[in-house]
Every structure is written in structure tokens, then in C-alpha cells.
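Spelled out, the chains give:
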Amino acid sequence: PIITGQYPLVIEEDHELPIRISDLSYEDVDKGDEQPVLKVMPGENYSISGAAVYPAPDYNGRLQVTMILEDGEEESEPFVLNVDVLPVNDPPTIIGVSAIPMEGNSTLTILREDVAISDPDTDATDLTLSILAGTDYTVSGLTITPKINLFGTLQVAMQASDGVVAGEIFYALI
């Protein structure tokens, strides 16, 4: 068989793409009506399982996937299939909070610098932090005020945003 071309293939990052023979144009003059078998080869920035291609996590751009066709008698020359992987906006993730001491019966402002946030596609300076309402405290911006005479550990809910999407709620112990 001879692979002569391909149809456009586009997926979003972090998704799989099953490659089908119908994604290719090919000629196989000696094999009649039998459809050849597609073999996807390993390469850079993707993994494979059978004929499915999995872009590397958070990868976007053009993947060049090498493949061959086999008809039981012959193998095609390797063909480089182009797959355009579109970026998606990943939500930010709070990965930790610095130890923040707090005096009893006082307020505490949690600074953005106190919270470690990860986001593979947004600059850290563009990320924002929100403190969410809780059962044992009130919130005003990034300042929490515990209930009167509350001593011990306070569980504070917080969330990071990149301006488009907010990440999962993180619970810090203060």
C-alpha cells in the first residue's frame, strides 16, 4: 500500500484521538477489497495504545505521528500524519499554603504570596485568590475574622482563578 495523504485532524489538548484508515488516502493496487491494517508508531510528545494517539499532558501544537499500512503481504513506507492539538484553558490548582500563625480573637489577611498556585498555561502574576465563606469565620476580600473566642485550628476554604476558570476549592488549616 502507498499512503498518499490525509484528511485534517484536530483535537483539544489532553484528549485522545483514534486514528482510522478513513483519516488517510491510500492506494493498494494488489490487494482487492481487503482493508489494510494501520500501525501507529511511537514518537515525540505523544503515546499510543493500538491506533489511538494520546498527546503528552498539556501539549498543544502540531503532532507528527508516524504510521504505516500493512496489507498482509507488504508494508507501506512510513507516513507522517499531522495532528493539530488545540490548547485548552486548564484551571489553576492551589498546591499549598504557608504556615500562617493567627492570634485568637483577631483578623487575618491571607496574602497571595502565602499561597502556592500552579497553572500550566497562565503566568503566576495573572492568577487571583479568593477566600470563600466558612462555618467558623466571616470573609471580607482576603481577610478572615473567626468567631469570637474560637481557638484551635481553623479550616479556611480558598480558590484560585485565572480570570476565566476557577480551580477546585482548597481547604487550608490555620
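From a predicted model like this one, the values you see are computed outputs, not experimental measurements.

A. Just the sheet that holds strand β9 (residues 79-86), in detail. Read from one edge to the other, the open sheet built from four strands follows the order β2-β9-β8-β5, with strand pairing classed as mixed. Two strands lie at the open edges of the sheet, namely β2 (10-12) and β5 (37-40), each paired on one side alone. Taking the axes of each pair of neighbouring strands and ignoring which way they run, one obtains an average angle of 40 degrees across the sheet. Two elements, β2 and β9, share three bridges in a ladder whose sense is parallel. Along β9, the bridge assignment pairs I11 with V85.

B. Main features of unusual backbone geometry. Here the phi dihedral of N45 falls at roughly 70 degrees; this positive angle occurs in a residue that is not glycine. Relative to the helices and strands, N45 is located in the loop between β5 and β6 (46-49). Its relative accessible area of 38% is what places N45 among the partly exposed residues. Unlike most non-glycine residues, D58 shows phi in positive territory, near 65 degrees. By secondary structure assignment, the location of D58 is in the loop between β7 (52-55) and β8 (61-70).

C. Geometry of the environment of P1. Examined against the element boundaries, P1 turns out to sit in the segment before β1 (2-6). As a C-alpha pair, P1 and D123 span 122 residues in sequence and 48 Å in three-dimensional space. Among all residues touching P1, those that are not within four sequence positions of it are E27, D28, L69, D71, E74, E75 and S76.

D. Inspection of the pattern of salt bridges at higher detail. Going through the model one piece at a time under the given rule, you end up with three salt bridges. Here K39 makes a salt bridge to E70, at a shortest N to O gap of 3.7 Å. Of this pair, K39 sits in strand β5 while E70 sits in strand β8; the two residues are 31 residues apart in sequence, bridging distant segments of the chain.

E. Layout of the side chain of D162. With respect to the helices, strands and loops of the structure, D162 is situated in the loop between β16 (155-161) and β17 (170-173). Buried charge without a salt bridge: D162, with R112 as the nearest opposite-charge side chain at an N-O distance of 12 Å. Reaching out from D162, the side chain makes a polar contact with the side chain of N89 at a distance of 3.0 Å. Polar side-chain contacts of D162 include one of 2.8 Å to the backbone nitrogen of V165. Ignoring sequence-local partners within four residues, the contact set of D162 consists of N89, D90, P92, D119, T122, D126 and L127.

F. A look at the confidence of the model for the protein. Of the residues in the protein, 98% reach a pLDDT of 70 or more, and the chain-wide mean stands at 91. Strand β4 (residues 24-27) is the least confidently modelled element of the protein, averaging 90 in pLDDT, while β9 averages 97, the highest of any element.

G. Broad picture of the sheet that holds β7. Strand order across the open sheet formed by three strands is β3-β7-β6, with antiparallel pairing between neighbours. Unpaired on one side and paired on the other, β3 (17-18) and β6 mark the two borders of the sheet. Two strands pair when backbone bridges link them, and β6 and β7 are joined in this way by four bridges, in the antiparallel orientation. By the bridge assignment, S47 is partnered in β7 with Y54.

H. Looking closely at the nonpolar core. In this structure, I19, V65, L81 and V83 are the most contacted members of the largest nonpolar core, which totals 20 residues. Listing elements by their share of this core, those giving two or more residues are β5, β8 and β9. Those residues in contact with I19, other than ones at most four positions away along the chain, are L9, L38, V40, A51, A52, V53, M67 and L81. Ranked by size, the runner-up nonpolar core spans 18 residues in total, among them I94, L108, V115 and A172.

Basis of the calculations
Residues numbered from 1 in each chain as written. Predicted model: local features only at pLDDT ≥ 70, side-chain atom pairs only at ≥ 80, totals over all residues. Heavy atoms only, no water. Pairing = 2+ DSSP bridges. Helix = DSSP H or I, 4+ residues; strand = E, 2+ residues; numbered from the N terminus. Axes fitted to C-alpha atoms, helices over the stretch in contact; angles between N-to-C directions. Buried < 20%, exposed > 50% of the residue type's maximum accessible area, 1.4 Å probe, protein only. Contact = heavy atoms within 4.5 Å. Salt bridge = Lys/Arg side-chain N within 4 Å of Asp/Glu carboxyl O. Lys, Arg positive; Asp, Glu negative; His and termini not counted. Polar contact = N/O pair within 3.5 Å; in protein donor to acceptor, adjacent residues only side chain to side chain. pLDDT = per-residue confidence, 0-100. Core = buried A, V, L, I, M, F, W, Y, C linked by side-chain atoms within 4.5 Å.

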